[in-house]
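# Architecture and fold: a report
In case you want the letters, here they are:
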Amino acid sequence: MDKLKDAAVAENWASALPRKSYEKLERVDEGNEWFEIYKLPKDVFAIYEPGHFQEVISFLIIGEKKAILLDTGMGIGNIHELVHSLTDKEIEVVNSHSHFDHIGENYKFPKISIFEDVNAVTTLEKGYTVEELKPHVASEMFAKTPPKDFIAETYMMPPCEFELLHEGDVLDLGNRKLKVIHTPGHSSDSIMLHDEENRILFTGDTFYPGSLYAHFDEPFYGKSNLNVYLNSFQKVVNDVLPHVDYIYCSHNEPVNEPRLIKEALQALQAILDNKAHYQLDESGLRKYDFDGFAVITKD
């Protein structure tokens, strides 16, 4: 999720860590000062950045012929070096969407793919500037000290070359296939990847256990749309969820139950039907709380 909060909220977040659900996962000790690495079933590594407010998670999905890195994180730690220590396979990057916390090290990889979307194309062609990212590397955004070679004053994301993905594209890793599912709503370029044989759905930012942001309407993040978001959940529930045992989410906690997608669909429908209760948050946005997640919208 792309969290825009004030300093007090960030301090409360930092004091709440760590998340106990990680105790159930198999941690890989790579001696890394920034990332936490967890080995998940079916040759998947969750690469977690708990030291920053975003709590973003990238996934290394290993196949027989090559591996897919779903997102390149914040660009604070060296994810390029890390993933090459986890596999000797060729690694291709797929971006779940173009928000800054998912494309931080795109420029270090030779092959990157993102969904064919105007905002995504513009973002990857220009990158993110120091000024744009400055609020996200303020001291209160960190729960632990970043790596010694990280310099907040020069933190930026250069443009990168990329290829375009489309609805229904299949990424063939040799012994496993990942199907691209366009799931706009949080952002217009959001996708999920479905590993049908292994019954895993990588949800990107379309769903995770936390506040689902459906209020963006600015160049930095692109546009969110609650009705479109609802349609994306409906498509996934109807066509994909019957073939899923686990959802792997890109923020906060990686492994979650598929039922939460159905509950998110019901939540968005309740909001659109004016049947859900909300509170105004610190920014004047509406926050609808549900069991295990929330939805943030404008009026």
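Here is a short report on the structure shown in this document. (Residues numbered from 1 in each chain as written. Predicted model: local features only at pLDDT ≥ 70, side-chain atom pairs only at ≥ 80, totals over all residues. Heavy atoms only, no water.)

### Describing the sheet that holds strand β16 (residues 246–249)
If you walk across this open sheet you meet the six strands as β9-β10-β11-β12-β16-β17, and the pairing is mixed. The sheet is open, and its two borders are formed by β9 (170–172) and β17 (255–256), each paired with just one other strand. Relative to strand β10 (residues 177–182), β9 is paired through three bridges, and the arrangement is antiparallel. Within the sheet, the bridge partner assigned to Leu171 lies in β10 and is Leu178. Running at roughly 145 degrees to β10, helix α5 (residues 226–239) makes contact with β10, β11 (191–195) and β12 (200–204) of the sheet. (Pairing = 2+ DSSP bridges. Helix = DSSP H or I, 4+ residues; strand = E, 2+ residues; numbered from the N terminus. Contact = heavy atoms within 4.5 Å. Axes fitted to C-alpha atoms, helices over the stretch in contact; angles between N-to-C directions.)

### Remarks on the environment of Glu64
Mapped onto the elements of the fold, Glu64 is located in the loop between β4 (57–62) and β5 (66–70). Between the C-alpha atoms of Glu64 and Thr145, which are 81 residues apart in sequence, the distance is 37 Å. Setting aside residues no more than four positions away along its own chain, Glu64 makes contact with Lys89, Leu173, Gly174 and Asn175.

### Topic: the pairing of β10
Every regular strand shows the same layout, with side chains that alternate between the two sheet faces. In this structure, the hairpin formed by β9 and β10 is closed by a connection of four residues, where Gly174 is found at a positive phi of approximately 110 degrees. As judged from the four bridges shared by β10 and β11, these two strands associate in the antiparallel manner. Counted as the bridge partner of Lys179 is His194 from β11.

### Focus: the side chain of Thr72
Following the sequence through the fold, Thr72 ends up in the loop between β5 and α2 (79–86). Taking relative accessible area as the criterion, Thr72 reaches 0% and is therefore assigned buried. From its side chain, Thr72 meets the backbone nitrogen of Glu105 in a polar contact 3.0 Å long. In this structure the side chain of Thr72 is engaged in a polar contact, spanning 2.9 Å, whose partner is the side chain of Asn106. Once you skip the residues sitting within four places of it in the chain, Thr72 turns out to touch Ser58, Ile79, Val93, Asn95, His102, Ile103, Gly104, Glu105, Asn106 and Phe109. (Buried < 20%, exposed > 50% of the residue type's maximum accessible area, 1.4 Å probe, protein only. Polar contact = N/O pair within 3.5 Å; in protein donor to acceptor, adjacent residues only side chain to side chain.)

### Looking at the sheet that holds strand β3 (residues 44–48)
Neighbouring strands of a sheet are bound in pairs by backbone hydrogen bonds; such pairs are parallel or else antiparallel. Reading across from one edge, β1-β2-β3-β4-β5-β6-β7-β8 is the order of the eight strands in this open sheet, with mixed pairing throughout. At either end of the open sheet lies a strand with only one pairing partner, and these are β1 (26–28) and β8 (163–165). Pairwise comparison of adjacent strand axes, ignoring direction, gives a mean angle of 30 degrees for this sheet. In the sheet, β1 pairs with strand β2 (residues 36–40) via three bridges, with the strands oriented antiparallel. Its bridge partner lying in β2, Arg27 is registered against Tyr38.

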